[in-house]
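Listed below, chain by chain, are the residues.
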Amino acid sequence: MKSIYLILLLVILTLGTAGLLPAQNQSDIPDPTRFEQEINAFEQWDTKNSSPKESILFVGSSSINFWNTAEAFSDYPVINRGFGGSHISDLLHYYDQVIGRFDPSLIVFYCGENDIASGLNSDKVFDGYKELLSRIEQDFPNTHFLYITIKPSSSRLEYTEPFTEFNHWVKTFNKTNDRLHYIDLATPLTNGNGRSDDSFFVDDLLHLNEQGYEIWSERMAEFLKTMEESGQLVKQ
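Residues numbered from 1 in each chain as written. Predicted model: local features only at pLDDT ≥ 70, side-chain atom pairs only at ≥ 80, totals over all residues. Heavy atoms only, no water.

Student: A description of the nonpolar core should follow, citing residues and the corresponding values.
Tutor: Ile99, Phe109, Tyr129 and Met220 are the most contacted members of the largest nonpolar core, which has 61 residues in total. Top element by residues in this core is helix 10 (residues 210–229). It accounts for 7 residues. When neighbours within four sequence positions are excluded, Tyr129 is seen to be in contact with Ile88, Phe109, Phe145, Tyr147, Phe166, Val170, Phe173 and Asn174. (Core = buried A, V, L, I, M, F, W, Y, C linked by side-chain atoms within 4.5 Å. Buried < 20%, exposed > 50% of the residue type's maximum accessible area, 1.4 Å probe, protein only. Helix = DSSP H or I, 4+ residues; strand = E, 2+ residues; numbered from the N terminus. Contact = heavy atoms within 4.5 Å.)

Below, the structure is given as structure tokens:
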């Protein structure tokens with residue numbers, strides 16, 4: 001009888017090692033290849049167009065992708081490499097295509113919201129954020145980095161606490177380096193009760209509408225002007 005149990009145990013272990021049984025610690029990081037089409041489009045564009053030097057590089061998820069940054073900041077050399085639904089892990093996977101190939105003076109970053117809303121542990125998301133910063137600092141030691149706070153939205157009310165917590169972690173961490181910046185673009189989207197103002201969002205109550213982006217652009221323009229006055233940015 002013992003021999004039968006031993007044989008069954010060996011079979012189970014063999015199947016698990018071969019990947020035929022569910023892994024006990026299966027990664028919760030989404031498959032980055034779901035964005036191959038978007039990344040290929042970026043690569044096609046970049047092979048046919050030159051990239052401005054000392055640019056402002058906008059990277060992140062749909063909030064960056066849907067932001068008409070070229071029009072909003074037409075006085076500056078702008079590159080937009082946002083792709084909707086992306087996680088920080090996706091930016092790390094496609095780092096060379098969306099960050100590494102450019103020579104930015106400032107990287108404007110909005111990402112992490114989808115990560116947390118998908119159920120990823122905030123600590124793990126924060127580790128990814130620090131890993132991305134470490135890689136950027138190694139490749140671009142003179143480049144400034146601006147973190148945009150995760151925005152509130154009625155469609156993701158249940159994540160208000162982890163979003164706020166993550167923003168706080170980043171704000172504290174970014175104070176450790178003069179080239180790391182933090183801008184609160186979440187509060188301007190709220191009403192007097194601290195809840196998200198739905199008038200700044202499209203029907204899905206997740207993505208910003210034109211009025212919401214006007215708020216973001218105005219606040220961002222103020223930040224860019226401050227950097228320009230200090231000699232850290234140049235206009236086109």
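Having seen the model, we can carry on.
Student: Explain a negative patch on the surface residue by residue, including any values.
Tutor: On the surface, Glu71, Glu210, Glu214, Glu218 and Glu222 cluster together to form a negatively charged patch. Counting residues per element, the negative patch draws most heavily on helix 10, which supplies 4 residues. Along the polypeptide, Glu218 turns up in helix 10. (Patch = residues over 30% accessible without salt bridge, like charges linked within 9 Å, V, L, I, M, F, W, Y side chains within 5 Å. Areas by Shrake-Rupley, 256 points an atom, 1.4 Å probe, with all protein chains shown as cover. Salt bridge = Lys/Arg side-chain N within 4 Å of Asp/Glu carboxyl O. Lys, Arg positive; Asp, Glu negative; His and termini not counted. Charge placed at Lys NZ, Arg CZ, Asp CG, Glu CD.)

Student: Quick one: what's the story with the environment of Asp46, residue by residue and with numbers?
Tutor: Looking at the secondary structure, you find Asp46 in helix 2 (residues 36–48). Expressed as a C-alpha distance, the spacing of Asp46 and Arg101, which sit 55 residues apart in the sequence, is 9.5 Å. Not counting chain neighbours up to four residues away, the residues in contact with Asp46 comprise Arg81, Gln97, Arg101 and Phe102. Reaching out from Asp46, the side chain makes a polar contact with the side chain of Arg81 at a distance of 2.5 Å. (Polar contact = N/O pair within 3.5 Å; in protein donor to acceptor, adjacent residues only side chain to side chain.)

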